[in-house]
Amino acid sequence: MTSTLRVILLKPSKYGINGYVERFWKGFIPNSTLPFMRSLTPEKVDDCRVEVIPIDEYVQSDLEYLKLLQNIQGPTLVALIGVQSHQFHRALDLAALAHRNGAHVVIGGPHPMTCDTSMLQNRGISFALAEAELVWPTILRDAIRGEMKPVYGSQERWQQELEARVTLPPSPRDLKRYVMPMLGLYPARGCPFNCNFCAITKIAGRRIRTHPVDITLQSLRAAREAGVKLIMFTSDNFNKIPEVEHLLEAIAREDLGMKFFVQCDTQIGTRDRHLIPLLAKAGCFQMFLGIESFDRDTLKAARKFQNRPEHYAEIVRLCRANGIATHFSNIIGFPGDTEEQIKYHLAQVQALNPSVVSCYILTPIPGTDQYDDFLEQGLIYEKNLDRFDGTWSTWVHDRLGPPQLRKLLFRFYRDFYNVGDSLRHAWQDYVQSQNFSNFVSGMGNMLFVRWNSIKQFHPMSGGLWRIKLDHVKNYLDLRKKYFDFELVPLPLSLTLRESED
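Residues numbered from 1 in each chain as written. Predicted model: local features only at pLDDT ≥ 70, side-chain atom pairs only at ≥ 80, totals over all residues. Heavy atoms only, no water.

Draft legend 1. Highlighting empty space enclosed by the protein. According to the stated counting rule, one finds three cavities of 30 Å³ or more in the structure shown. Taken as a whole, the largest cavity holds about 60 Å³ of empty space. If you trace the largest cavity, you find it lined by R165, T167, L185, Y186, P187, H211, I215, T216 and S219. For the lining of the largest cavity, the element with the most residues is helix α8 (residues 213-225), which contributes three residues. Among the residues forming the lining of the largest cavity, the class breakdown is four nonpolar, four polar and one charged. (1 Å grid on protein atoms, 1.4 Å probe; cavity = no way out; pocket = protein on both sides within 12 Å on 5 of 7 lines; lining within 4 Å. Points joined across faces, edges and corners; volume = space filled by probe spheres on them. Helix = DSSP H or I, 4+ residues; strand = E, 2+ residues; numbered from the N terminus. Nonpolar A, V, L, I, M, F, W, Y, C, P; charged D, E, K, R; others polar.)

Draft legend 2. How the structure looks around helix α5 (residues 132-145). Taking 1.5 Å per residue, 14 residues should reach 20 Å; α5 reaches 19 Å between its end C-alpha atoms and fits that length. Along α5, the positions that sit buried rather than exposed are A132, E133, V135, W136, I139, L140, D142, A143 and I144. Backbone geometry just after α5 places G146 at a positive phi near 75°. (Expected span 1.5 Å × (residues − 1). Buried < 20%, exposed > 50% of the residue type's maximum accessible area, 1.4 Å probe, protein only.)

Draft legend 3. Examining the environment of T363 more closely. Along the chain, T363 turns up in the loop between β16 (356-361) and α14 (369-377). It is 24 Å that separates the C-alpha atoms of T363 and R466, two residues lying 103 residues apart in sequence. Beyond its immediate sequence surroundings of up to four residues, T363 is in contact with Q370, F388, D389, G390, W392 and T394. At 3.4 Å, the side chain of T363 and the backbone nitrogen of G390 are in polar contact. (Contact = heavy atoms within 4.5 Å. Polar contact = N/O pair within 3.5 Å; in protein donor to acceptor, adjacent residues only side chain to side chain.)

Draft legend 4. Region of interest: the packing of helix α9 (residues 244-254) against helix α10 (residues 275-282). Where α9 contacts α10, the axes come no closer than 8 Å and their chain directions differ by 30°. With respect to α10, the element α9 is oriented roughly parallel. Two packed elements cross with a definite hand, and for α9 against α10 that hand is left-handed. Residue-level inspection shows V244, E245, L248, E249, I251 and A252 of α9 in contact with α10, the latter providing L275, L278, L279, K281 and A282. (Axes fitted to C-alpha atoms, helices over the stretch in contact; angles between N-to-C directions. Parallel < 35°, antiparallel > 145°, perpendicular 65-115°, else oblique. Left-handed = near helix turned anticlockwise from the far one by under 90°.)

Set out below in structure tokens:
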């Protein structure tokens, strides 16, 4: 048995439209899966020491990390983690590179958990089809023995109860790769809703499973000691966590001096509105909400029944009254959308004046019910999974062409972040907070968004200052050798068993 196993936890980036790997000098939002997987990995497995190296490819400003995959020194497991469909080709290329040079390799994340990868299996690369807690101990032991299986987790997709584990914060060096020293934490998983364009229920289930409040508090204390200034709670419906009031009260008592970001559903403005003062007291600085559309019929067709556009204004009002910024996420290009409707949508958002907006083109994400429906109808024309990232047209819209949707996407950003409104909003934030940095931040965000929109770069793509290094052409021969494809065919979705649904 080997005495030391090197584990490289690698969050892959994606290939941009120009073929270069998307990477940035400074990142905006750190990947939450990396510290989680690092925390899940023990220092020893039986009598074997485990050395962990976490890598977020989005914020690697040079190619030094690739030497770890090219010059394998001793027994090594490379785990491509959190792989989404638009990152799948990049994950396959890194997997082939590492395996060719002698590493054991496994690919996990939303794409292999929800999509059929059988055409790519039994080629030396393993695939994890379940939550990490269910399969990671077995994968580590198999890597130590040198006996990796083609597939892990085919019998059960997620745990019934989450395993309690304190999240280890990133190193100071890794924190410096981001604009702000931020850490992502999962206090809970699962979503009670069933929107047809979303894969969350296929990845984490509809029943909300939580970590004990004390475990979250221990993770927060460790983060503060490591120099973390901001926390991103990445649970999809923070307001639906059963112990949310207890958690917020405990965070407020701790007085850790760290602000945090949450994602809530729009019922935070109605049945859960009592949580907003608690969120503010505990240190919430921004709330992300998927408002998606102002058309109730469109929302119903997407099975997003919980959203009622007439309540959106109240969310902004309540949050503003409690000093919480609102981030409204929007989707354009739903079936039936017209250019006039999208312009009306923008006007409504401008009238509500949330603090931050983001916008995406409707994309049938592989593994979702919407994807299955569109694929069956023959509507999906895009064959390259790299494009399934919410910034490109991928299917035949009934009224809007791809250039039109792309133009409307960036117009949405430019019109919302117009100079006059941005200056006024930034000044209002300064007057309210008496913190001049809020004014500077608001104006800086406006300039950043407008510059990216002019350059046709999505402002929410990941960070500051794109860096061009390696290109997809450097990997295509290896991809074809390992997997017999230059572009992986659009996959079928994996179906849930009745016991899991």
